[in-house]
Amino acid sequence: MNSVAVIGGGAAGMMAALEAASRGAAVSVFERQSRVGRKLAVTGNGRCNLTNLNASPRSYHGTDSDFAAPALCRFSPAETLAHFRSLGLLTVAEPDGRVYPLSDTAGSVVDVLRFAMEAAGVCLKDSCEVSALKRMDAVWRVDCPEGAITADRVIVACGGMAGERFGGTKKGYELLEALGHHRTPLRCSLVQLRCDNPGSRSLKGIRADAEVKVFCGAKLLASSSGEVQFTDYGLSGPAVFEISREALSRGGTVVTLDLLRSVTEEELTGMLLRRAKSTPQLALSDVFLGTVQNRIGRVLVSSAGLRGTESVASLTEKTARRLAGLAKHFEFPVIGDMGAANAQVTVGGIRTNEFDPETMESRLCPGLYACGELLDVDGDCGGYNLQWAWSSGRLAGMSAAGV
Ligand SMILES: Cc1cc2nc3c(=O)[nH]c(=O)nc-3n(C[C@H](O)[C@H](O)[C@H](O)COP(=O)(O)OP(=O)(O)OC[C@H]3O[C@@H](n4cnc5c(N)ncnc54)[C@H](O)[C@@H]3O)c2cc1C
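Residues numbered from 1 in each chain as written. Predicted model: local features only at pLDDT ≥ 70, side-chain atom pairs only at ≥ 80, totals over all residues. Heavy atoms only, no water.

Colleague: Kindly report on the overall build of the protein chain, identifying the contributing residues and their values.
Modeller: Helix and strand counts for the protein chain stand at 11 helices and 21 strands. Put simply, 73% of the contacts in the protein chain that link residues at least 6 apart link residues at least 24 apart. When the accessible area of the protein chain is evaluated, it comes to approximately 16,700 Å², of which 49% is carbon and sulfur surface. Charged side chains in the protein chain number 43 positive and 43 negative. The centres of these two groups are separated by 4 Å. (Helix = DSSP H or I, 4+ residues; strand = E, 2+ residues; numbered from the N terminus. Contact = heavy atoms within 4.5 Å. Areas by Shrake-Rupley, 256 points an atom, 1.4 Å probe, with all protein chains shown as cover. Lys, Arg positive; Asp, Glu negative; His and termini not counted. Charge placed at Lys NZ, Arg CZ, Asp CG, Glu CD.)

Colleague: If you had to explain the packing of helix 1 (residues 11-22) against helix 11 (residues 384-401) to someone new, which residues and values would you point to?
Modeller: At a minimum axis separation of 7 Å, helix 1 and helix 11 run at an interaxial angle of 35°. Seen from above, helix 1 lies across helix 11 with right-handed handedness. In this structure, helix 1 contributes Ala 11, Ala 12, Met 15, Ala 16, Glu 19 and Ala 20 to the contact, and helix 11 contributes Leu 386, Ala 389, Trp 390, Gly 393, Arg 394, Gly 397, Met 398 and Ala 401. Of the residues in the contact of helix 1 with helix 11, the class split is 10 nonpolar, 2 polar and 2 charged. (Axes fitted to C-alpha atoms, helices over the stretch in contact; angles between N-to-C directions. Left-handed = near helix turned anticlockwise from the far one by under 90°. Nonpolar A, V, L, I, M, F, W, Y, C, P; charged D, E, K, R; others polar.)

Colleague: Hey, could you go over the sheet that holds strand 6 (residues 98-101) for me, with residue numbers and the actual values?
Modeller: Taken together, the 3 strands give an open sheet; going across it, the order is 3-6-5, and neighbouring strands pair in antiparallel fashion. Two strands close off the open sheet at either side, each with one partner strand: strand 3 (51-52) and strand 5 (91-93). (Pairing = 2+ DSSP bridges.)

Colleague: Give a detailed account of the sheet that holds strand 7 (residues 123-125), specifying residues and quantitative values.
Modeller: Pairing in this open sheet of 5 strands is parallel, and the strands run 7-2-1-11-20 from one edge to the other. Strands at the two margins of the open sheet, each flanked by one partner only, are strand 7 and strand 20 (368-370). Strand-to-strand twist of the sheet, defined as the mean angle between neighbouring strand axes without regard to direction, takes the value 20°. Relative to strand 2 (residues 26-30), strand 1 (residues 3-7) runs parallel, the two sharing 5 bridges.

Structure, rendered in structure tokens:
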């Protein structure tokens, strides 16, 4: 029977531990926080979007985007849901493919994994940070506050740097780098954007439905649509998270918002001009009345360099076109992100060409495995990152058990 040390009790580590134990290995999980699954418990705004039925290798990014394919094919979303069902978790799929626990509570996912690990005899070592890993002849030495513990195989599942408040750390990269592995540059994704738009501050707290696009010069890099939240530093909300990877992929990107998706620029120009005729006494600051949120309307007017105190009657066709253009392409030059503390996922990680995608075993150190966000693989927004944690974790657990 192989002994397996799993470093990190997050989504990938718990899945790996469970798989290895179910195949007969003696498994210990080392978790530096006071309990396992802390980040998992806050995912999906506390609901845990645990997978997406549309997940396929195309939903993933990294230096070698094909690396994720074997694990995802072996442990697909359907297979993952069947596995969770066997652990007693009921789930529900939304029309866009996002899957949540039926209880609508992320804690349910943590609970079924924790109880299944306990039932399978996994030894959980909470508040136990691993400081070093060392190969000693046939076994691995795991250094932790309890002293030096040995194991036949080690699975490193320490996650990435994103979500610092819930356990995101660079410790996993350091453990593997000390063993000769390398990592690509790290940055944040699925994160709020800091933007240089003087109007942002006065829009703080407002939510709007918009089509969001990212441009670099004239080149469209990405688009999404849905809820956008204005903040004092820039933009947040699900639609912004979705395009954040591309918005941060290079310097000089600009996010544009179409705040009135259901009307064309031409139609909007006509509506504004009709308003100028029908209610000439109205202040220009209220010209967008009934179309966008009032505060947004006022910021659009001031962004166009117009005096809101003037009457709507002063509106010319040229200025109406300018206002309509602004509402359809409200620009937010991107100047950064809100950092690892607020990000949901890390772009970059340990180089995947140093691991075998069929087993997740290191090509440099036999008996060493890695899985989850620690590796240079990141997924789109919508359950894809947890699916990668489940698939890669199970594959690592299966391989480390030696079956
Ligand atoms: C707020 C938030 C919401 C999210 N929502 C979703 C969502 O709804 N759907 C989705 O698909 N993805 C979501 N994600 C992303 C997803 O949670 C991660 O991609 C996923 O948890 C990665 O799993 P992991 O096991 O690789 O890492 P983690 O879950 O981060 O687990 C790694 C664990 O290793 C431990 N650790 C690190 N170093 C050591 C060490 N040296 N010794 C011992 N223990 C160590 C850490 O404490 C941590 O518990 C969200 C992320 C955040 C931050």
